[in-house]
Amino acid sequence: MLKGHDALRKKLERVLVELICSFFVASWTGVVKYHGPRPSNRPKQVFVANHTSMIDFIILEQMTAFAVIMQKHPGWVGLLQSTILESVGCIWFNRSEAKDREIVAKKLRDHVQGTDNNPLLIFPEGTCVNNHYTVMFKKGAFELGCTVCPVAIKYNKIFVDAFWNSRKQSFTMHLLQLMTSWAVVCDVWYLEPQTLKPGETPIEFAERVRGIISVRAGLKKVPWDGYLKYSRPSPKHREGKQRSFAEWVLRRLEEK
Amino acid sequence: MGNASSMLTQYDIEEVQDHCNNLFSQQEIVSLYERFCQLDRNAKGFISADEFLSVPEFAMNPLSQRLLKMVDGLNFKDFVAFLSAFSAKASKRQKIELIFKVYDTDCNGKVSFNDILEVLRDLSGPFMSDEQREQVLVQVLKEAGYTKESYLLLDDFIKVFGNSDLKMEVEVPID
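This report concerns the structure included in the present document. In this numbering scheme, every chain counts its residues from 1 along its sequence in written order. Chains and ligands are labelled sequentially in the order written, the chains with letters from A and the ligands with numbers from 1. Residues qualify for local features only when their pLDDT is at least 70, as the model is predicted, and side-chain atom pairs are given and counted only at 80 or more; totals for whole chains, interfaces and linings, by contrast, use all residues. Where side-chain values are given, they derive from all heavy atoms of the structure, hydrogens and water being excluded.

1. Re the overall build of chain A
Strands here mean DSSP runs of E at least two residues long; helices mean DSSP runs of H or I at least four residues long; both are numbered from the N terminus. When helices and strands are tallied, chain A shows seven helices and nine strands. Throughout, a residue-residue contact means that at least one pair of heavy atoms, one from each residue, lies within 4.5 Å. Nonlocal contacts in chain A, meaning residues at least 24 apart in sequence, comprise 74% of its contacts between residues at least 6 apart. What sets the accessible areas is the Shrake-Rupley method with a 1.4 Å probe; for residues, cover comes only from the shown protein chains. Within the structure as shown, chain A displays about 13,700 Å² of accessible surface, and the carbon and sulfur contribution to it stands at 60%.

2. Structural notes on the packing of aromatic side chains
In this description, an aromatic ring pair is defined by two values, namely the gap between the centres and the angle between the planes. Residue and element names in this part refer to chain B. Ring geometry is summarised as follows: Phe, Tyr and Trp rings, the Trp one being its six-membered ring, pair when their centres sit within 6.5 Å, and such pairs are stacked at plane angles under 30 degrees, edge-to-face over 60 and tilted between the two. Per the counting criterion, the structure on display carries 13 aromatic pairs over all chains. Ring centres of phenylalanine 100 and phenylalanine 157 lie 5.0 Å apart, and the angle between their planes is 90°; on these two criteria the pair is classed as edge-to-face. Of this pair, phenylalanine 100 sits in helix 7 (residues 92-103) while phenylalanine 157 sits in helix 10 (residues 154-161), and the two are 57 residues apart along the sequence. Pair check on accessibility: phenylalanine 100 and phenylalanine 157 agree, each one buried. In textbook terms, an aromatic cluster arises when at least three aromatic residues are bridged by ring pairs, as seen for Tyr33, Phe36, Phe52, Phe58, Phe76 and Phe79. Charge-over-ring contacts are defined here by two conditions on Lys NZ or Arg CZ: a distance within 6 Å of the ring centre and an angle within 35 degrees of the ring normal. Sitting over the ring of phenylalanine 46, lysine 44 keeps its end group 5.3 Å from the ring centre. Geometry around tyrosine 151 places lysine 110 over its ring, the cationic atom sitting 5.0 Å from the centre. For every residue, the accessible area obtained with a 1.4 Å probe (protein chains only) is divided by the maximum for its type, and the residue is called buried under 20%, exposed over 50%, and partly exposed between those limits.

3. Things to note about the nonpolar core
Ranked by size, the top nonpolar core spans 43 residues in total, and within it Phe24, Phe76 and Phe79 of chain B carry the most contacts. Apart from the residues within four sequence positions on either side, phenylalanine 79 of chain B is in contact with Phe36, Ile47, Phe52 and Leu74 of chain B. Put simply, buried Ala, Val, Leu, Ile, Met, Phe, Trp, Tyr and Cys residues joined by side-chain atoms within 4.5 Å make one nonpolar core. One finds Trp28, Trp164, Cys186 and Val188 of chain A within the second-largest nonpolar core, a separate group that totals 36 residues.

4. A word on the sheet that holds strand 1 (residues 30-35) of chain A
All names here are of chain A. Across the sheet, which stays open at both edges, the seven strands sit in the order 1-8-7-2-5-3-4 with mixed pairing between neighbours. If you trace the sheet from one side to the other, it starts and ends with strand 1 and strand 4 (91-93), each paired once. Strand-to-strand twist of the sheet, defined as the mean angle between neighbouring strand axes without regard to direction, takes the value 25°. The angle between two axes is taken between their N-to-C directions and runs from 0 to 180 degrees, where each axis is a line fitted to C-alpha atoms and a helix contributes only its stretch in contact. Relative to strand 4, helix 4 (residues 100-113) is tilted by about 170°, and along the sheet it contacts strand 2 (45-49), strand 3 (67-71), strand 4 and strand 5 (120-122). What makes two strands pair is DSSP finding at least two bridges between them.

5. A closer look at the interface of chain A and chain B
Contact residues are listed per partner, giving 18 residues for chain A and 26 residues for chain B. For the chain A and chain B pair, buried surface summed over both sides reaches about 2,000 Å², with 66% attributable to carbon and sulfur atoms. The largest share of the area that chain A buries against chain B comes from Arg232, Arg238 and Gln242 of chain A, three residues that together contribute 27% of it. Salt bridges are identified by distance alone: a Lys or Arg side-chain nitrogen within 4 Å of an Asp or Glu carboxyl oxygen. At the boundary of chain A with chain B, the tally comes to zero salt bridges. Any pair of nitrogen or oxygen atoms within 3.5 Å is treated as a polar contact; in protein, a donor-acceptor pairing is required on top of that, and neighbouring residues in sequence qualify only through side-chain atoms on both sides. Applying the counting criterion to the chain A and chain B interface returns three residue pairs in polar contact (both at pLDDT 80 or more). Think of it as three bins: nonpolar holds Ala, Val, Leu, Ile, Met, Phe, Trp, Tyr, Cys and Pro, charged holds Asp, Glu, Lys and Arg, and polar takes everything else, Gly as well. A per-class count over the side of chain A that touches chain B returns eight nonpolar, two polar and eight charged. As a working definition, buried area equals the accessible area (1.4 Å probe) given up by two parts on being put together, with both sides summed.

6. Remarks on the packing of helix 5 (residues 64-71) of chain B against helix 7 of chain B
All names here are of chain B. Where helix 5 contacts helix 7, the axes come no closer than 10 Å and their chain directions differ by 110°. Taken together, helix 5 and helix 7 sit at an angle that is classed as roughly perpendicular. Between helix 5 and helix 7, the contacting residues are Arg66, Leu67 and Met70 on the first element and Leu98, Lys101, Val102 and Tyr103 on the second. Broken down by class, the residue content of the contact of helix 5 with helix 7 amounts to five nonpolar, no polar and two charged. Angles are sorted into four bins: roughly parallel if under 35 degrees, roughly antiparallel if over 145, roughly perpendicular if 65 to 115, and oblique for all others.

7. As for helix 9 (residues 130-144) of chain B
To estimate the expected span of a helix, count its residues, drop one, and scale the result by 1.5 Å. The end-to-end C-alpha separation of helix 9 of chain B is 21 Å, in line with the 21 Å expected for 15 residues at 1.5 Å each. Those residues of helix 9 of chain B that sit buried are Arg133, Val136, Leu137 and Leu141 of chain B. Each buried residue of helix 9 of chain B lies within a common arc of 125° when the element is viewed along its axis, so the set occupies one face. Turned more than 90 degrees off the buried face of helix 9 of chain B, the exposed positions are Glu131, Lys142 and Glu143 of chain B. Residues of helix 9 of chain B that are buried make contact with helix 7 (235-255) of chain A together with helix 8 (113-124) of chain B. One or two steps after helix 9 of chain B, the chain reaches glycine 145 of chain B, where phi turns positive at roughly 90°. By definition, the arc is the one covered by directions from the helix axis to the C-beta atoms.

8. Some points on the packing of helix 2 (residues 26-39) of chain B against helix 6 (residues 76-83) of chain B
Residues and elements named next belong to chain B. The geometry of helix 2 relative to helix 6 is characterised by a closest axis approach of 11 Å and an angle of 115° between their N-to-C directions. At the point where helix 2 passes helix 6, the crossing takes the right-handed sense. For the pair formed by helix 2 and helix 6, the contact residues are Ile29, Leu32, Tyr33 and Phe36 on the first element and Phe76, Phe79, Val80 and Leu83 on the second. In terms of residue class, the contact of helix 2 with helix 6 is made up of eight nonpolar, no polar and no charged. Here a crossing is taken to be left-handed if its near helix is turned anticlockwise relative to the far helix by less than a right angle, and right-handed if that turn runs clockwise.

Written out as structure tokens, the structure reads:
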């Protein structure tokens, strides 16, 4: 449909996706308050947000048609992902594949360089967190050489606990729980775009943005790796601690 | 979620609270019980070593094997009693007692030069040589007024830690 008019088609797709998401949000009586300037589509910028549930994406998507990077899910969710989300330009990754990181990093870079793509939304925590804390941000989004626009999301727990614990319940159950609860109330803040400061490493940049988001949404920063939800820590985590201890001891010894 | 607390009666909570000398509040004990049940996968009544190791921060701790020996197979009541040293209400002495137990590998009530060396080995891993570790230890003992042949008792530990600030507290979240 409308094959010859690519730009118009893209615009239509964006509006349609935003509309579908609004219906979705309304289905679980979502009361969302947006603060801050609406994201504008400029080249060389990415959006990062803290992650609590897959619905984060829908809440943000109803305002602006973002392209997003997501884990491919099985079942009907996967179907939805393949059909509707393909139109906005989504990047898939697979947590369990080791080589996946490099492939995804390349896809991210390509997307950001492209002029006609939708703004990219990334959840740097890499997993759903309980909306009380933020876990360590993965640095991938922060080494693309772009401006990073932080977005903070905070759900009001009095109405419903929006945290999707994927280890405990499937997304279907989670959605049902949301729909049968009173309302999903949340605040979204679009915060000031940040760029890499001179002399700052991507990891420091990621931590700085995590701080900005955590302060705005009233979340506690914890130094945990979100991926540990899925796999046991490798020996190098323990070795890291041993190394810093040994270095500290030896330094004190030298001072004597 | 939520069916865990229905298995704890008021009587149970009071018994556990008594056993840990009231160092945890009743609400904290309920939260701890939820966590205990989460870790104890097949409701055996105790948490196995492997289940403890599924907690990432625990697995990354260089002293995890030593701590495991102290908590492996404990039932809930004893588990809470063990954790009570980490309560904000616990005395400094209680915290030092726990540290002493970690160092006293053979549980004979005294900590020798070799005991401390073993702990130092766990803490520093491959990043210090045995000579460096011995050197550090001799120096540390000398500064505290002990020698390589000294056997440290709990009272010695209390004296050594006397004035330093021991930040050994856990915050139990209450819903």
